[in-house]
Amino acid sequence: MRFPRLTSFTALLRMVRPDRSFTPERQSLSRRRRRRVAAGVGAGLALYGAVVAMPADAATRTAPEPQMTTVLPCQDVMFIGVRGSGETPEGSLYGMGPESALAWQQYRMEIPGHSAAAMSIDYPSTPVTTLASPYSSQDFFRSIDTGVTKLEAVLAERSVTCPTEHYVLSGKSQGSIVVHRAMADMAAHPTAYGHGLMDRIDGVLAIADPDRLPDETGHLYGTTATGPDHYGISYAAPFMAGNRYRPTTSTVDTFWDHPDRWHTICNVGDSVCDFTVSSASPASMLHGFDVHMNSYLSDPTAVRQAASDVAAQTRSRTMAPEQAAQASRA
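Keep in mind that this is a model prediction, so the values were computed, not measured. (Residues numbered from 1 in each chain as written. Predicted model: local features only at pLDDT ≥ 70, side-chain atom pairs only at ≥ 80, totals over all residues. Heavy atoms only, no water.)

Q: Help me understand the packing of aromatic side chains, please; the structure alone is not making it clear to me.
A: Given two aromatic rings, their pairing is described by the distance between the two centres and the angle made by the two planes. Following the criterion strictly, the structure yields five aromatic pairs and no others. Their ring planes at 50 degrees and their centres at 5.5 Å tell us that Phe79 and Trp104 sit as a pair that is tilted. Taken together, the residues Phe79 in strand β1 (residues 77-82) and Trp104 in helix α5 (residues 98-109) connect sequence positions 25 residues apart. Side by side, Phe79 and Trp104 carry an identical accessibility label, which is buried. Here the aromatic residues Phe79, Trp104 and Tyr107 are joined through ring pairs into a cluster of three or more. (Phe/Tyr/Trp six-rings, centres within 6.5 Å; stacked < 30°, edge-to-face > 60°. Helix = DSSP H or I, 4+ residues; strand = E, 2+ residues; numbered from the N terminus. Buried < 20%, exposed > 50% of the residue type's maximum accessible area, 1.4 Å probe, protein only.)

Written out as structure tokens, the structure is:
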């Protein structure tokens, strides 16, 4: 299979907004570190294109008609999963990707007595390989923006139609970007949603999150460490900013009142969520993409534990119907 020539890193940087900055910390990076980051991202995208390139028809395949959210009746809890880059609805388990599907299964098992259902967000989930072409690279960023808009639309509709329904949001890789940016945007515009929506979100599962920030608040699972040198590729590479919905510039506790419900799952050296560790060399980067694509299923402990902790949050905040009936009779 032949692959398109990778666009130069300099050209990719032109996609970023004029200020080219996310945080003051990024502006203080030394020139040497900037050069290393730039080289690492450029090499990483080239390797990623080689590792995960898909058949030509996969990127252009027509997606099924969007699922109407009103088809699913109101639940005690609605689990919403967002699939990752290049994953198609028909090949990604419940349409949400295998990692989020695993989290859903674990979560559902641990909330007996509650009514619960799962749904996915229908959006392009464009392959990362589109970044290698100057003609289609913007498709990747439009895909992210479309995902955020659709997730917010689903929650806007359901939170009004189902005023007591709780939510769990889960996404892997590009799907995690969608969830992360939607959460920040919804927190900034709370009046656009049903009463108390942000409080009714029992948990967020950010799996291999490219938007992970240094010293991110919330709970951390997997083999990576926390600290100033552990962050996602969006933080390192300004051109990953997207079009409309930008990466968050501050940790979760600055935009959500419930950072204890934020669950980051990342394994050490993952080239997407633990970028600095993986960018030490081309070999490390290549290994890091294998970690990113396979490690969360080959050892699902971290995903299962995070989902279990979210289920505990649901049990502590909601009462199963039979429990409510018993309480009313007491």
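Q: How should I be thinking about helix α11 (residues 301-317) in this particular structure?
A: Because the α-helix completes a turn every 3.6 residues, residues three or four places apart line up on one side. With 17 residues, α11 should reach 24 Å at 1.5 Å per residue; the first-to-last C-alpha distance of 25 Å fits that figure. Within α11, burial applies to Ala302, Val303, Ala306, Ala307, Ser308, Val310, Ala311, Gln313 and Thr314. (Expected span 1.5 Å × (residues − 1).)

Q: How should the environment of Thr276 be read in this particular structure?
A: You can see Thr276 is positioned in helix α9 (residues 275-278). Judged by its relative accessible area of 14%, Thr276 is buried. For the pair Thr276 and Gly232, spaced 44 residues apart in sequence, the C-alpha separation works out to 8.1 Å.

Q: Explanation requested: the state of the cysteines in the structure shown.
A: By definition, a disulfide links the sulfur atoms of two cysteines through a covalent bond. For the coordinates displayed, the defined rule picks out two disulfides. What pairs with Cys74 in a disulfide is Cys162, and their sulfur atoms sit 2.0 Å apart. Between Cys74 and Cys162, the S-S torsion sits near -80 degrees, and that sign places the bridge as left-handed. Of the two residues, Cys74 sits in the loop between α4 (56-60) and β1 while Cys162 sits in the loop between α6 (137-161) and β3 (166-172), which places them 88 residues apart along the sequence. Using a relative accessible area of 43% as the deciding quantity, one classes Cys74 as partly exposed. By relative accessible area, which is 5% here, Cys162 ends up buried. Paired through a disulfide, Cys266 and Cys273 show a sulfur-sulfur distance of 2.1 Å. (Disulfide = S-S within 2.5 Å.)

The values reported here are purely geometric and, on their own, carry no functional implication.
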